[in-house]
Amino acid sequence: MNETIIYQKSFCKSKELLSLLESINSDCNQNDGLYHHYFIDEDYHDFSNRPCCYLAKAGDSVVGFLCPYEIDAYNVEFCVFVLPAYRRQKIASQLFFHVVSDYGEHSYSASLLPDNKLGKDFLERIGFTYGCCECSMALLKKNFKKVSPKMKLDVHKEEDTIYVTGLVGEIEIGSFCFTVSNTTACIHDVEVKEELRRRGYGYEMVASALQDIFEKYDTVILHVTKENTPAFHLYEKLNFQVLEELHYYEL
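Residues numbered from 1 in each chain as written. Predicted model: local features only at pLDDT ≥ 70, side-chain atom pairs only at ≥ 80, totals over all residues. Heavy atoms only, no water.

Engineer: An account of the overall build of the chain is needed here, citing residue identities and associated values.
Structural biologist: If you tally the helices and strands in the chain, you get five helices and twelve strands. If one aligns the C-alpha atoms of the chain with their principal axes, the spans along those axes are about 75 × 35 × 35 Å. Summarising the internal contacts of the chain: among those between residues at least 6 apart in sequence, 66% fall at separations of at least 24. Counting every atom, the chain has about 14,600 Å² of accessible surface; 48% of that belongs to carbon and sulfur. (Helix = DSSP H or I, 4+ residues; strand = E, 2+ residues; numbered from the N terminus. Contact = heavy atoms within 4.5 Å. Areas by Shrake-Rupley, 256 points an atom, 1.4 Å probe, with all protein chains shown as cover.)

Given below as structure tokens:
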């Protein structure tokens, strides 16, 4: 006989709550043979008018949870975990419906490891469809191949961000930036002007900047979707390696 499930909202991101979520996350990963860490909004404040977490309880025990992350005024990403013994009681679906009742007409998304069939089946059952495959990639200093000649670059730094503009003569062909910390730099927002694409300028610009960045940093990381074929192939050509793939589903 199924136990009665009570659904509650938590507005306090306490140490006790984080420890509880960690325990449920660990039990689920061990049972499923997967490693997919939960997340909770790092910027959440206890005075927020929305919960930081939705809980499912059987008696005094929490048996499942869902954490939402409001990306902006229109988009919410979430993660959900339910203990294996309670998965036939549609707890994950009920937790999600409680989120929808609070957030309303938002767009919703969730990420899964590629081999998480259980999560895929759940998301498709409540109406989600596949959106994209996001790759985390990294390049180590020792694996970088220098380019010659280097492209002319306009570079300036503001706090922890390094802004790069590629130049051919005096013509700006594109731009991007690095955020930096300790021994690592992260690439963001690589863009080449539309009329100048497919000429190899993107490769020259990023490779030239990497040659400079590796004078101070040991590792460069980035995130890119596999569906963005030109960008993905650019990073492969630069010898970036895929560290992790996440499949995003959207509603």
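Engineer: So what's going on with the side chain of Lys 57? Which residues, and what values?
Structural biologist: Relative to the assigned elements, Lys 57 resides in strand S2 (residues 53-58). Nearest to the buried, unbridged Lys 57 among oppositely charged side chains is Asp 60, at 5.4 Å. Contacts of Lys 57, omitting those with residues within four sequence positions, involve Thr 4, Ile 5, Ile 6, Gln 8, Val 62 and Val 63. (Buried < 20%, exposed > 50% of the residue type's maximum accessible area, 1.4 Å probe, protein only. Lys, Arg positive; Asp, Glu negative; His and termini not counted. Salt bridge = Lys/Arg side-chain N within 4 Å of Asp/Glu carboxyl O.)

Engineer: Pulling in residues and values, what's your account of the pairing of strand S6 (residues 129-140)?
Structural biologist: Note: S6 against strand S12 (residues 241-250), nine bridges, orientation antiparallel. The residue bridging Cys 135 from the neighbouring strand is Glu 245, located in S12. Relative to strand S11 (residues 219-225), S6 runs antiparallel, the two sharing seven bridges. In the strand pairing of S11, Leu 139 is matched with Val 220. (Pairing = 2+ DSSP bridges.)

Engineer: Summarise the environment of Val 76; cite the residues concerned and give the values.
Structural biologist: Relative to the assigned elements, Val 76 resides in strand S4 (residues 75-82). Put simply, Val 76 and Pro 230 are 154 residues apart on the chain and 28 Å apart in space, counted from C-alpha to C-alpha. What Val 76 contacts, discounting residues up to four positions off in sequence, is Pro 68, Tyr 69, Glu 70, Ile 71, Tyr 103, His 106, Ser 107, Tyr 108 and Ser 109.

Engineer: I'd love a proper account of the packing of aromatic side chains, names of residues and values included.
Structural biologist: Each aromatic ring pair is described using two quantities: the centre-to-centre distance and the angle formed by the ring planes. A complete count under the given rule lists eleven aromatic pairs for this structure. With 5.8 Å between their ring centres and 70° between their planes, Phe 78 and Phe 128 make a pair best called edge-to-face. With Phe 78 in strand S4 and Phe 128 in the loop between helix H3 (117-125) and S6, this residue pair connects regions lying 50 residues apart in the sequence. In this structure Phe 128 comes out as buried when scored by relative accessible area, which is 2%. Among the aromatic residues, those joined into a cluster by ring pairs are Phe 78, Phe 96, Phe 97, Tyr 108 and Phe 128. (Phe/Tyr/Trp six-rings, centres within 6.5 Å; stacked < 30°, edge-to-face > 60°.)

Engineer: Please give an account of the sheet that holds strand S8 (residues 161-168) that cites residues and values.
Structural biologist: Across the sheet, twelve strands lie side by side as S1-S2-S3-S4-S5-S12-S6-S11-S10-S9-S8-S7; this open sheet has mixed pairing. Of all strands in the sheet, those with a lone pairing partner are strand S1 (5-10) and strand S7 (152-158), marking the two edges. Going across the sheet, the axis of each strand differs from the next one's by a mean of 25°, ignoring polarity. Bridging between strand S3 (residues 61-70) and S4 involves seven bridges; their strand directions are antiparallel. For Gly 64, the partnering residue across the bridge sits in S4 and is Val 82. Packed on one face of the sheet, helix H4 (residues 201-213) meets S6, S7, S8, strand S9 (171-181), strand S10 (184-192) and S11 and runs near 40° to S9. (Axes fitted to C-alpha atoms, helices over the stretch in contact; angles between N-to-C directions.)

Engineer: Tell me about unusual backbone geometry, and please be specific about residues and values.
Structural biologist: The step from Ser 148 to Pro 149 runs through a cis peptide bond, and the omega angle for that step is -5°. Take Pro 149: it is sitting in the loop between S6 and S7. Of note, Lys 90 is a non-glycine position whose phi angle comes to about 55°, a positive value. You can see Lys 90 is positioned in the loop between S4 and helix H2 (91-103). With phi around 85°, Asn 239 is a residue other than glycine that occupies positive phi space. For Asn 239, the position within the fold is in the loop between helix H5 (229-237) and S12.

Engineer: Before we move on, can you summarise H4 with the specific residues and values?
Structural biologist: Relative to the 18 Å expected for 13 residues at 1.5 Å per residue, H4 spans 18 Å between its end C-alpha atoms, a close match to the ideal helical length. Buried residues of H4: Tyr 201, Gly 202, Met 205, Val 206, Ala 207, Ser 208, Ala 209, Leu 210, Gln 211 and Ile 213, and no others. (Expected span 1.5 Å × (residues − 1).)

Engineer: Provide a residue-level description of the layout of surface pockets, including the pertinent values.
Structural biologist: Of the voids in this model, the largest pocket is the one considered here, and its volume is about 800 Å³. Lining of the largest pocket is provided by 35 residues; of these, Val 80, Phe 81, Leu 112, Gly 119 and Phe 122 occupy positions nearest its centre. If you list the elements that add at least two residues to the lining of the largest pocket, you get helix H1 (15-32), S4, H2, strand S5 (107-112) and H3. Looking at the lining of the largest pocket residue by residue, the classes come out as 18 nonpolar, eight polar and nine charged. (1 Å grid on protein atoms, 1.4 Å probe; cavity = no way out; pocket = protein on both sides within 12 Å on 5 of 7 lines; lining within 4 Å. Points joined across faces, edges and corners; volume = space filled by probe spheres on them. Nonpolar A, V, L, I, M, F, W, Y, C, P; charged D, E, K, R; others polar.)

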